[in-house]
Amino acid sequence: MTTFPTMDPELAAAAAMLPKLDFADLTTARERFTTMTEAMLAAVSYEGITWRELAAPGPEGAPDVSIRFFTPPDAAERDALPTLLWLHGGGFAIGQAKVEDPLCIDLVQRLGIAVASVDYRLAPETPYPGPLQDCYAALRYLHANAAELGVDPERIAVGGQSAGGGLAAGTTLLARDRGEVPVAFQLLEIPELDDRLETRSMVEFVDTPMWNRPNAVLSWQYYLGRNGTAAESDAEVSPYAAPARAQDLRGLPPTYLSTMELDPLRDEGIAYATALLQAGVSVELHSFPGTFHGSSLLSTAAVSVRGAAEVIVALARGLQVEQRSS
């Protein structure tokens, strides 16, 4: 693997130990990701929170959408809860909602909010628009059933990481345009937004840890249902699939967006944040130095601790809640 002089020393020491996920062999990539995450989940404690599985009606002809719904144990005694709809990462093709349980639990305990973690269908078995439709169906379900679920319908945020960040941006665009569900805030962590793969970071970072240009190329091929031989014209790719293509970003909710220095997705995230600002959207943008895509898995590194703390602060502000003492 290439050496990256600006990589944070704490991260560099562990980067070589992280599993290599090669999207050219998706079966093996899924197996390796499952093995890695199962070890992480084995230590998770569900004490101090309540959770259940919900089933949101899926798009016409599609199965219901499974949602892991986390709330504080005293939710029934409180007013309607601000809620985060959370979308996991995995390049549109790997991962599942339960991998995000540690994050969901932490957010519930630290902020006293509800978190709805969505198990959307994966590409290439289900290409666009299927995964996005699942995410939007989950958002509509939360809003339509807010009273029953104890959700504040005016304080629903949409967030996600990596491909989940791209889906979050697409879901929020769709919500704005359909006018059915008000989204109070969007949280886009290292989002995958641009299928054109032309930014400098995307062109240069071909051998970065965890995520690289070759994986990104295949990720978009899987998600958009391409066969890898014929590129699609701009007119054929919806901005709901690739939000970087959106021409009008006015009216979107306040946004927190993070990028990592040594990530192929870095520049498309920065460009999207800039475009949001130019459209009059309130944005907080942070590019973390010395980091790479997925380096937050090394959660004890100082820069990872700082990044996690920023998410808490951003969500507290976006959902108008106070942090609870840890």
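One structure accompanies this document, and this report is about it. Remember, it's a predicted structure, so these values are computed and weren't measured experimentally. (Residues numbered from 1 in each chain as written. Predicted model: local features only at pLDDT ≥ 70, side-chain atom pairs only at ≥ 80, totals over all residues. Heavy atoms only, no water.)

1. A short note on the sheet that holds strand 8 (residues 283-292)
Quick note on the threshold: Two strands are said to pair when DSSP picks up at least two bridges between them. Secondary structure elements are taken from DSSP: a helix is a run of H or I of four residues or more, a strand is a run of E of two residues or more, and numbering for both begins at the N terminus. To obtain each axis, a line is fitted to C-alpha atoms, and for helices this fit is confined to the stretch in contact; angles are then taken between N-to-C directions over 0 to 180 degrees. Any pair of residues with heavy atoms lying within 4.5 Å of one another is described as a contacting pair.
Reading across from one edge, 1-2-4-3-5-6-7-8 is the order of the 8 strands in this open sheet, with mixed pairing throughout. A strand with exactly one partner marks an edge of an open sheet, and here the two such strands are strand 1 (50-56) and strand 8. Neighbour-to-neighbour, the strand axes of this sheet turn through a mean angle of 20 degrees, independent of strand direction. Contacts between helix 3 (residues 101-111) and the sheet are confined to strand 2 (65-71), strand 3 (81-87) and strand 4 (114-119), with strand 2 contributing the most and set at about 35 degrees to the helix. Against the sheet, helix 9 (residues 266-278) makes contact with strand 6 (185-189), strand 7 (255-262) and strand 8, and its axis sits at roughly 150 degrees relative to strand 7, the strand it touches most.

2. Some details on the packing of helix 4 (residues 130-144) against helix 6 (residues 163-178)
Inclusion rule: If an angle is under 35 degrees, it is roughly parallel; if it is over 145, roughly antiparallel; if it lies from 65 to 115, roughly perpendicular; otherwise it is oblique. Helix crossings get a hand from a simple test, with the near helix turned counterclockwise from the far one by less than a right angle marking a left-handed crossing and a clockwise turn marking a right-handed one. For this classification, the nonpolar set comprises Ala, Val, Leu, Ile, Met, Phe, Trp, Tyr, Cys and Pro, the charged set comprises Asp, Glu, Lys and Arg, and every other residue, Gly included, is treated as polar.
Between helix 4 and helix 6, whose axes approach to 9 Å, the crossing angle comes to 60 degrees. The orientation of helix 4 relative to helix 6 falls into the category oblique. Considering how the two elements wind past one another, helix 4 and helix 6 form a crossing that is right-handed. On helix 6, the residues touching Pro131, Leu132, Cys135, Tyr136 and Leu139 of helix 4 are Leu167, Gly170, Thr171, Leu174, Ala175 and Arg178. Of the residues assigned to the contact of helix 4 with helix 6, the class counts are 8 nonpolar, 2 polar and 1 charged.

3. Some words on the pattern of salt bridges
For side chains of opposite charge, pairing can occur when their charged atoms come near one another. The condition that has to hold: One speaks of a salt bridge when a side-chain nitrogen belonging to Lys or Arg is within 4 Å of a carboxyl oxygen belonging to Asp or Glu. Buried means the residue's accessible area, taken with a 1.4 Å probe over protein chains only, is under 20% of the maximum for its type, while exposed means over 50%, and partly exposed covers the values in between.
Throughout the structure, instances matching the rule amount to 16 salt bridges. The shortest N-O distance in the salt bridge between Asp134 and Arg121 comes to 2.9 Å. Of this pair, Asp134 sits in helix 4 while Arg121 is found in the loop between strand 4 and helix 4, placing the two residues 13 residues apart along the sequence. On the accessibility criterion, Asp134 (2% relative accessible area) is buried. Residue classification places Arg121 among the partly exposed residues on the basis of a relative accessible area of 22%. For Glu204, the salt bridge identified is with Arg200, shortest N-O distance 2.8 Å. In this pair, Glu204 and Arg200 are both assigned in helix 7 (residues 200-204), 4 residues apart and thus about one turn of the helix distant. Residue Glu204 is classed as partly exposed on the basis of its relative accessible area, which comes to 44%. Because the salt bridges share partners, they merge into one network encompassing Glu53, Arg68 and Asp101.

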